[in-house]
Amino acid sequence: MGELPRIVIAAPASGHGKTTIAVGLMAAFARRGVRVSPHKVGPDYIDPGYHALATGRPGRNLDPFLVGEHRIVPLFRHGARGAQLAIIEGVMGLYDGAQGRGEFASTAHVAKLLDAPVVLVVDAAAQGRSVAALVHGFRAYDPDVRLGGVILNRVGSDRHEEILREAIAGLGLPVLGVLRRTESIATPSRHLGLIPVAERREEAVRTVDALAKLVSGAVDLEALLALACSAGPLPGADWNPYAEVGEPVAGRPQVALAAGPAFTFSYAESAELLRAAGAEVVTFDPLRDEMLPPDALGLVIGGGFPEVYAEELSANETLRKQIADFAATGGAIAAECAGLLYLCRELDGTPMCGVLAAEARMTERLTLGYREAVATRSSPLARCGERVRGHEFHRTRVTPAASTPAAWAFPTGGVEGFVQANVHASYLHLHWAGYPRLARRFVEACR
């Protein structure tokens, strides 16, 4: 890969405008003909959808907790193959990592692993000269993080900009861009964050186009590219899904991935690992397709927003019944979060597939965070006793919470998830690149 230009877009905290700036930069460079590789620190599924729309390449996650820090550079190199510039959007505040683990899995951690310079996006709406103290603190906190510049967001006026620039000039850091307060460009959100691209494609295209124009006019793209070019060589090998899974399973069993607006949460590497393990990978949309792909021997139903589409999912009674029959006759199913809800008997009183003897309800409580888990029984994914790291992110509750025995037990106490016949369903989101044997095991179960 040599010296691939790369830059990390970070912020002091959530809400400063990282996604606005990152997506705008990706789109602005892509519209100049630059091949941009988009990346996101952390487990977020939604931002990478906007990254992909901006660049025409899959948005890829870099999460040391989920895949191990030793895989970050190989996964980055794999995703950035053939690119001319990589833009990595951070998560939360620059130094916010996994709870109780210091900087681990933070934006700063990933920036250091990638030896990439960092640009700090600061919401300056309510700040004057104090912005310099904030920026200085973030630069001094960890000298191993190379803070290369600042982008000021939500600046109110020419005079406000002058005050901010004068304060930061004393630090010797360049101000690479200044965005004024504007409500004309908004990306709508709801209970789990931004609304995914798949649910508002035409609007999302217009939003990304507007962000490209906004950022092109407000950020010094040449100076930012020069900073990205200051990143040094990144030695090591590319991540290779074929090397991870070993000899492919014979027979090319077909695995169908749920897609469409209701099921948008997936990592690009999951499908790549399934193909490397010998599967033929196809997609189906539970909102619109009345039948499963006729040759499917396995179903992967990932995360998303079935609660938003419960009535439409329920109305597709033919497909619901076919999925129930598929499970009853030994078909292999791996379901995460939204997939778990879809397999329940009902969601908020609306009939679902009925594969699991459980009911799901929306709640006011957000369940969010990294998890360590141990498989309590063998399934199409995991072997009994196997340990994994995953992530939970939902506002629902399933009753009962688990089968007996459950899919997972947590070292901190409690159990969760269902295993029955060839079905594995759980709230726990796993990044299969961290556990490539899961993909091979699932393809073997399909065969």
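The structure presented is a predicted model; accordingly, all values stated were derived computationally and were not measured.

Analysis parameters
Residues numbered from 1 in each chain as written. Predicted model: local features only at pLDDT ≥ 70, side-chain atom pairs only at ≥ 80, totals over all residues. Heavy atoms only, no water. Helix = DSSP H or I, 4+ residues; strand = E, 2+ residues; numbered from the N terminus. Rg over C-alpha atoms; globule rule 2.2 N^0.38 Å. Buried < 20%, exposed > 50% of the residue type's maximum accessible area, 1.4 Å probe, protein only. Contact = heavy atoms within 4.5 Å. Areas by Shrake-Rupley, 256 points an atom, 1.4 Å probe, with all protein chains shown as cover. Lys, Arg positive; Asp, Glu negative; His and termini not counted. Charge placed at Lys NZ, Arg CZ, Asp CG, Glu CD. Core = buried A, V, L, I, M, F, W, Y, C linked by side-chain atoms within 4.5 Å. Phe/Tyr/Trp six-rings, centres within 6.5 Å; stacked < 30°, edge-to-face > 60°. Pairing = 2+ DSSP bridges. Right-handed = clockwise from strand over helix to strand, strands pointing away.

Draft legend 1. Fine view of the overall build of the chain. A tally of regular secondary structure across the chain gives 15 helices and 21 strands. Relative to the 2.2 N^0.38 estimate, which gives 22 Å for 447 residues, the radius of gyration of the chain is 22 Å and therefore close to what a compact globule would have. Expressed as a percentage of its 447 residues, the buried residues of the chain come to 59%. Taking the intrachain contacts of the chain between residues at least 6 apart in sequence as the baseline, contacts between residues at least 24 apart amount to 75%. Summing over all exposed atoms, the chain offers an accessible surface of approximately 17400 Å²; the carbon and sulfur share of this is 50%. Here the chain holds 45 positive side-chain charges and 48 negative ones, and the gap between their average locations is 3 Å.

Draft legend 2. Examining the nonpolar core more closely. Counting 119 residues, the largest nonpolar core has L25, L114, L152 and L274 as its most contacted members. It is helix α1 (residues 18–30) that provides the largest number of residues to this core, a total of eight residues. For L25, the residues in contact, after removing those within four places along its chain, are I9, I87, V215, V219, L221 and L224. Counting residues in hydrophobic clusters, the runner-up holds 39 residues, among them A335, L341, A358 and A425.

Draft legend 3. Geometry of the packing of aromatic side chains. One pass over the structure, following the stated rule, counts eight aromatic pairs. Aromatic pair Y45 and F265: ring centres 4.9 Å apart, planes at 5°, arrangement stacked. Of this pair, Y45 sits in the loop between β2 (36–41) and α2 (47–55) while F265 sits in the loop between β10 (254–258) and α11 (268–276), and the two are 220 residues apart along the sequence. You'll find Y45 and F265 in the same group, each marked buried. Among the aromatic residues, those joined into a cluster by ring pairs are Y45, F265, Y267 and F305.

Draft legend 4. The pairing of β2, seen in detail. The buried count for β2 comes to six of six residues, which makes it a mostly enclosed element. Alternating residues of β2 divide into V36, P38 and K40 and S37, H39 and V41, and every residue in both groups is buried. Both β2 and strand β4 (residues 85–89) contribute to a ladder of five bridges, which runs parallel. When the bridges of β4 are listed, V36 appears paired with L85. As defined by bridge partners, β2 adjoins strand β3 (residues 60–62) across three bridges and the pair is classed as parallel. Each bridged residue has a counterpart across the sheet, and for H39 the counterpart in β3 is R60. One crossover worth recording links β2 to the parallel β3 by way of α2, and it is right-handed.

Draft legend 5. Quick look at the pairing of strand β13 (residues 332–336). Counting buried residues along β13, five of its five residues qualify, which places the element largely inside the surrounding structure. Where burial is concerned, the two faces of β13 agree: the one with A332, A334 and E336 and the one with I333 and A335 are both buried. As judged from the four bridges shared by strand β12 (residues 296–301) and β13, these two strands associate in the parallel manner. In the strand pairing of β13, L299 is matched with I333. Taken together, the four bridges between β13 and strand β21 (residues 423–426) define a ladder with parallel strand orientation. Among the inter-strand pairings, A334 is bridged to a residue of β21, identified as H424.

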